Every structure is written in structure tokens, then in C-alpha cells.
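# Examination of the molecular architecture
The lines below spell out each chain.
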Amino acid sequence: MWLFFKRLSLLGMLCNMFLMTGCDPFVENNTIEEISPVIFWSINTGEEGKLKISTLVPPVIKETKRLLSLQVDLFKQGGEKFNLIYYRELKRGQTRMVLINEELARKGVISIINTLLVDPEISQRLYLVIVRGNFDDYMQNQIKTQPDLDYFFYRMLKHYEKYNQGEMSIMNLHQFKSTLYSPFPYPILPVFKVNSDNFSYLGTAMFDQDKLIGTIKQMDDQIFQLLNNDHYLKFLPIPKLATTLGYIHSDVHKKLDRTYSTLSIQIDITGIVEEYRGDKNIIEQEQFYQLRDDIEHYLEQQTTDLLKKMQQYKVDPLQFGNLTLSPFARPMSKGKWMDYWQNMEINVDYNVRLAPLSNVQK
Amino acid sequence: MFWNKSKEDKGSDRGQNQSQQNQQNQQSQQNQQKDQTQTKTATPLTLENLKQKLAKMDDAEIIEREPNADLKVTFIYIRTLVNQERLNESVIEPLNHWTHNSVFDTLSIAKIKSISTLEEALEQLLSGSVIIYDVFYEQWWTVHLDIALSRSIESSETETILYGPKDSFSEQIDQNITLIRRRLPITELKTESFNVGSMSKTTIVLMYIEGLTNPEIISIARDKLSSIDFDLFLESSNVAAFMEEHPHSIFPQFQQTDRPDVCVYSLGLGKLTLLVNNTPFALIAPITFFHHFQSPEDYIHRWIIASFLRTLRFISYFVSITLIPMYVALTTHHYQMMPMQILFVVMESRLNLPFTPFWEAFLILATLEIIKEASLRMPTKSGQTLGVIGGIVIGQAAVQAEFASKVLIVLAGIATIASFLVPNYLMTKSHAIIQFVFLVLSSFLGVLGIVIGMIAFLAHLSAITSLKQPYFAPLAPFHGRDWIDLFIRGHLPWMKTRPVYLHPLKKWRTSRRR
């Protein structure tokens, strides 16, 4: 009797183990040669309020590539309809990128984000990218010359994400979701500009919740990388001062006063002067310090302008609102914070420490 | 005492101590009764009876001699079992000068004894003795003069090591005992002799160190040996088959070795050694699962290197049983789990294959097993041919013919080589079965199938015993102290205690503490 109960309890434990892990005994047929794992979805606005979704098939193997495009009412509808027009079953388990058109992003991407989030097959390590221009045209043009373009694009995003290269604002679904559902929902995404022949990084898109509000580019985007994203830049060309700084690491100290009326940001920067083509003789210490002061002043001005732009856009992608959070207290509402943020006085102070090009004479 | 035919009690381990003692008492009583019955039913030894028994045995010699007119002696022996030179020197020559003394006084030889029954005479005769019948005094004598047929002491072929002792056991049990006794010159090293096999009359010597090895374990081994009832024992694994508590398990519960240093090390830890006549392989028990991953060389290398090598063996064993099933699981069910770069390669290599991943893996593994088995059975000179055929047919032609993917060939190669890292050959053979079981499970349930397989594998290991001691110790039951010689091989001076699962009478290996 004891043995019977022992065996019964062991069987019960085994069954529970499977149930608790959510394991499904009815497995799908995923035989690798019969399926076509989708690497990316490109989502655009279609006709009559529809979505236009595209992907490249087969994604990884060396067969003739085809760009599949469909106009659908629902995002998931695409997966089903693609199966009817392609001989391999499309599977979502390897989706690594979702490219969203800028126009669509301005209308809001919450439905797409939520659809991706609830899909158990899709990993949250999925890069979200905003595209300005027609990505489908670009793909169609490049299929013959660069058949593995989708894979190389994924590798590029992975490269810049993994080692914090400080070149691009790379975001994955998990990071986007975390900011989107935080008390101050102002996520960011990278923006790529595309035409039929070229594909290039443009800057960082700023969101108010799920709607794209504006894009910061060039020098503003570089400063954004220093302030928030990577705190590192490999190069920072400043054409106005005829200087290129290199290997720049930043240490940002933010301070919000008690009345939420003044924000003080002190940014300590270390780096080297990589290139100088100006009039100063920076081998001399005094002139070198003068250049350093010019750089400090320039960066302070640029950063202040960038933050003012954010205030105008009514967005807070640098998450200054988090400075208002304290333990055991309810977070401030988004609207209230925005009221403070729009009227906030901003003091930016740069402290630049540079290694010169060569030995400096006193 | 091979005529003891009482069957081994297959009761549960629970409360085994008491039941064992009772059983032992009962058994010894039964043995005594049977001994008495044996004596009562003994056939009287006469020349006629003996001649009748030896009829139609061409190599049986019956020679009658009359050194003097009133003295007559008969020699009976099996020519093929007796050393003829020693017979002439030690028996025939002295008896030529025989006076009226008894044979015992005339023959100044150590191995002479008196016998009185036909059964005794036959047993002696077949073990290489000469029976001498003194007609005058009507006395029967036996002189042991067997031919010491033995190969020289060679190095082990099954457990080769680069450094360390090179000698290994031979088929001569006395020679094997000598090799052990030379390494353990202590009187506490006891040897108990048993005879098994109603036809083979195989001698088994049970060796242990008195005052160190747990008497309960000795008693279990003794009982198991006494209860063996079979006709032929040609190898020590035959004996192990009768002594194992879980004969249907694929894991050997006795360690087989032909290395005397391994036997001595085991004896010193508190284990038993069984030497079986006519085989170079001794049995060591009780052992655990982890003993199969230990090599004598572990105790020769620097401890960090030895630990690295031992850990490598465990990892290799794990890899060898899970690598191919994992490939099948990933390519059949979990394409999501593969990094994209690997997915590239796998999809590309499987594109035009006619088989599903399961059948592809099954066929390749079956072929590899065939090649492995063939390489053992083929003459050494044909080995090269086999290597070429195996390499070209499996490695190249199968891929070119698109019968198997390149990835699988690489993985199968890694898994096969990894399986050979386990020093114990019998254990190496078990991996193939586990691999096939995991393969089937993974094809149906994917990684979940492998997990179920692993649970069953670990549960089975936890359930089996070796001489009624836990087979999965010191992991289950947990003995933290023994972990110093488990996945790593600790520094020798740190290994001051003997394994807990053996319950040795002397815990400490150092002489200062007892």
C-alpha cells in the first residue's frame, strides 16, 4: 500500500512538473527543412487603413530570394496568408527584427508591440527599427546583388548593441516595452533612412508612449549617445571647431531641485584629441586649454539646445522623470511631470578632460 | 562448496541486516547438513570404481609398478594436466627405491595428502594431481603436480596508462594473488577460496583486508558466492552476473580490471576483490557509477591536471549521450533555440536529405556502432582497411550522396570520440543504448524528451546497488566528504578518509588517527 502511494505521488509530481513548465505534449511539426523561419517583418501603412507587411523568403538558405508582401487587416493575418502563397511554412520563432515605417510609427505602434509581446514563439530579443522611406523597394533592388542582406542587417544591429559602440541607438522589444510601460513612457528607437539604393542610419526616434514625435540627428544624436544610451563615442567630430575627439567616455550626474523647476546636469568627459585642423597651436598648453574650453562651451550649448528641443516636443527620452521617483511613494503622473518638464530651467555643465595629440609645451 | 544449492534470497534491502544474519545462520546450518549428507553418500574409493570413471578418457593414465616383489603401487593421472618431468623426478624415481615405508615417508614432497573417497580422488585428478594407490598398505595418496600453463606478466591492453605500473593479471590465479600480495605485504589481507561451476569447477578467491573492510559487505559477498549454482564459469563477468542485484541494468555493478594496482587501491579503501581462475579480470565491489570514470593515471598526474581530465570525462560522457539527440530535438522541434548562424549551416546541410532528422541520426549511429563492433572483431591487419572504408563511406560518400548532413557527421564524430574518454570499456558500451533511447525520446518530445530521459537515467542510477551499497553515492545519498575524489581528484594528502559509503572499520587513511 505504501509503495502504491509512493508511486502515485511520484507520478503526480512528474505530471505537475510538466504542467508547471507549460510544456505542451502536442508538439508542432518544425522539421527544419520544411519550414522557413522569418527573420524580419517590415510593416508599412497600406491602403484603406490596412497594414502592408513584407518579408524575405527563404531567409537563410542559399536559394533564390523572394520578397513577399501582403496587405492585411491584422498583423497576424499576414503569417497565415503568406503560408498560402509560399511552399514552406513560415515560422515566427526566429524573428529578429521588425522594421516599422515612420508614417505608421507616427500613428502609434502599440497594437504591433502588444501582438509581438504576447506571442510565445517570438523572443523579446527582437530589434525594433523605424524606417524612413520604402524598405520594400530597397530590398527588391538589392535581392540579386546582396541576397543575404537581411542577415547582414541583423548582424549590424547585433554588433552595435553588444559592445555599446556608441554609434547607434539600438533597442530591442524588451527594452522598448520596459520604457513604454514605465511611469514616464518615452521610449526611443533607431531611425534608418532608405531609398531604392541606400540604407543608412539617421538618428534616434523619440516616442510619446507609442507614437513617434520627432527624430534627433547628427550632432544631437551623438550627444544623446553620450548622455544616455552608451555613454561612449568612438569619434565625435566637431567641424565648427575643426576638431575630432576620440574614445570619449562620459559620466553624467543629474540633479533635480526639490521644486522640480531646475535641472542641473554635469557631464564629465574623458577622451583624446584625434584630429585638429584649426588655427590654434595646441602643442602649447595655454592654447590647448583654450581649445578645451571652446569644446566645453560648444557641447554645453548643443546639449542645452537638444534638451530644449525635447521640452518643445513634450518628450523625456532621457528619463529625467525617474529623478522624481522615491521609495514607498506613488510615481508622479505623466501629465504632471510633463507640466514640470516643459517649464524646467536647464543648467548644463561639461567638464572635459582631454589627452592632447602630442606632448604639450608649457 | 559448489554443491550448496540454496537460492539467493531476493528480499528487499529494507531491514536487510537482521534478515541477512538469520539467513546466514540458516544457510550455515543447511551447509553443515549437506556436508554430512555428502560424507554419508560418498562412494568408496576402489581401483575398479576409478577405472570405470576414467573409461574412454584417452589422456587418463593408469600405471602399475612393482619396485619389490611384495610391493605394488598404481599411479593414476591425467596426462594432459600433470607435469611429466616433475612426476618422474618427485614421484616415480623415489618410489623406485621404495622399501617398506609408507608412501608418505618415501615421497619428500609438500603437496601430498591422503584421500578416501571416489569424489575426492576425481576432484584431485582433474585439478592436476597424481593418485597413488599403495596396494600393500591399501592406502590412497594424492600428489599435486599440475602443469603451470601461464603466459608471462604483460602490460594491460584494456586499461593502458603511460606512467605507472605496467604489470597486469594473467589467467593463473596464484600468480595474480602474488601480484597483489607483493603490493600489500600484510597479514590482514585475507583470501577465501570458493569453487563455482558444477562443470568448470572454477576457483574464486575473495580478497579483503580484515579489520578494514566492512564485515557486512564481506558477508554479503560470501553468501552470494555460496549460493551460485551454474555449470560453467569462464570469465569473471559470468560470476558478476550471478552476484549483481540488478542484472537488467545496463550499468556494470562490479568493476572489472586486470590491473593489480587498481585492486590494491580498492582493497585499501575497504572494497572487496574477487579473483577468478583462468581469467585475468578481477572483480571489484562495491563500486559506484563514478568509479567508471576513474583511471589509475588520475593518481599519477598532478592533482589539478588529473581533476581537469576527470571532469573532461564526465562532460564527454554527457556530450556523447545528448549531442545527437539534441541535434534531432532542435532540427525537429526547436528551431527557435538555435543561434541564427548555426541555423544557417544546419538548414543548408539538411536541404536535400531524404530522411527526417531522426532517421538520419539513427542510421548514422547504427552504422557507427557496426563499424565500432567490426573494428573489435576484425584482425589487426584489417583495421586500416576498416578505417579507410569507415572514413570514406561514412565521412565523405554519405554526405556527397546526400544521405546525411555534414553537421550530423561532425556531431556523430564528436559524440563517438567523446564516448571513448570513459576509461571503463563496459561503461563505454552502455552509452550507445542510452543514446538510442534519448534519440527516440527527442524525436517525439524534443528537449522535453531528453529531460524525461535524464530524469529516468538519474532515477535508475539512484535505485541500483552494488553489493547492496548505493550505486550513485556520494551524490545520492550525499556524502560531502567523498567529493574530494569525485568530479575532481583532490590533492592526495587531502584525501585522508576512506569513502563513507563503504562504511570501513578504519575511517582514516593516516596512521596518526584511527
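Predicted model only: the values in this text are computed from it and were never measured.

Rules used throughout
- Residues numbered from 1 in each chain as written.
- Chains lettered and ligands numbered in written order.
- Predicted model: local features only at pLDDT ≥ 70, side-chain atom pairs only at ≥ 80, totals over all residues.
- Heavy atoms only, no water.
- Pairing = 2+ DSSP bridges.
- Helix = DSSP H or I, 4+ residues; strand = E, 2+ residues; numbered from the N terminus.
- Axes fitted to C-alpha atoms, helices over the stretch in contact; angles between N-to-C directions.
- Core = buried A, V, L, I, M, F, W, Y, C linked by side-chain atoms within 4.5 Å.
- Buried < 20%, exposed > 50% of the residue type's maximum accessible area, 1.4 Å probe, protein only.
- Domains from an automatic or database assignment.
- Contact = heavy atoms within 4.5 Å.
- UniProt positions renumbered as here; feature names shortened; annotations may be inferred.
- Salt bridge = Lys/Arg side-chain N within 4 Å of Asp/Glu carboxyl O.

### Description of the sheet that holds strand β13 (residues 262–276) of chain A
Residue and element names in this part refer to chain A.
- Judged by pairing direction, the sheet is mixed, and its four strands sit side by side in the order β11-β12-β13-β14 without closing on themselves. A strand with exactly one partner marks an edge of an open sheet, and here the two such strands are β11 (232–238) and β14 (345–355). Across the sheet, the mean angle from the axis of one strand to that of its neighbour is 35°, orientation sign disregarded.
- Where β11 and strand β12 (residues 243–256) come together, six bridges link them in antiparallel fashion.

### Notes on the nonpolar core
- Judged by nonpolar contacts, the single largest core of 81 residues is most densely connected at Trp337 and Trp341 of chain A.
- Counting residues per element, this core draws most heavily on helix α9 (residues 285–313) of chain A, which supplies eight residues.
- Both domains that furnish three or more residues to this core are identified here as domain 1 (31–215) and domain 2 (231–362) of chain A.
- Every residue in contact with tryptophan 337 of chain A, bar those within four places of it in the chain, is listed here: Phe184, Tyr186, Leu256, Asp316, Phe320, Gly321, Thr324, Met332 and Met344 of chain A.
- Grouped together as the second largest cluster of nonpolar side chains are 40 residues, Phe169, Ile180, Ile321 and Phe472 of chain B included.

### Some thoughts on the UniProt feature "transmembrane region" (unreviewed entry) in chain B
- As annotated in UniProt, the feature "transmembrane region" (unreviewed entry) corresponds to residues 314–335, 407–426 and 433–459 of chain B in the numbering used here.
- Counting secondary structure, residues 314–335 of chain B comes out at 86% helix and 0% strand; the distance between its end C-alpha atoms is 28 Å.

### Observations concerning the pattern of salt bridges
- Under the definition given, this model contains 28 salt bridges over all chains.
- With a shortest N-O distance of 3.9 Å, arginine 92 of chain A and glutamate 121 of chain A are connected by a salt bridge. Within this pair, whereas arginine 92 of chain A is found in the loop between β5 (89–91) and β6 (97–101), its partner glutamate 121 of chain A is found in the loop between α4 (110–118) and β7 (127–132), the two being separated by 29 residues in sequence.
- Notably, a salt bridge pairs lysine 334 of chain A with aspartate 208 of chain A, separated by 2.9 Å at the nearest N-O pair. Here lysine 334 of chain A is found in helix α10 (residues 334–342), whereas its partner aspartate 208 of chain A is found in strand β9 (residues 199–208), with 126 residues between them in sequence.
- Take lysine 334 of chain A: its relative accessible area is 25%, and that puts it in the partly exposed class.
- Assessed through its relative accessible area of 22%, aspartate 208 of chain A is described here as partly exposed.
- Beyond isolated ion pairs, a larger network of salt bridges with shared partners links Asp298, Arg310, Arg313 and Asp485 of chain B.

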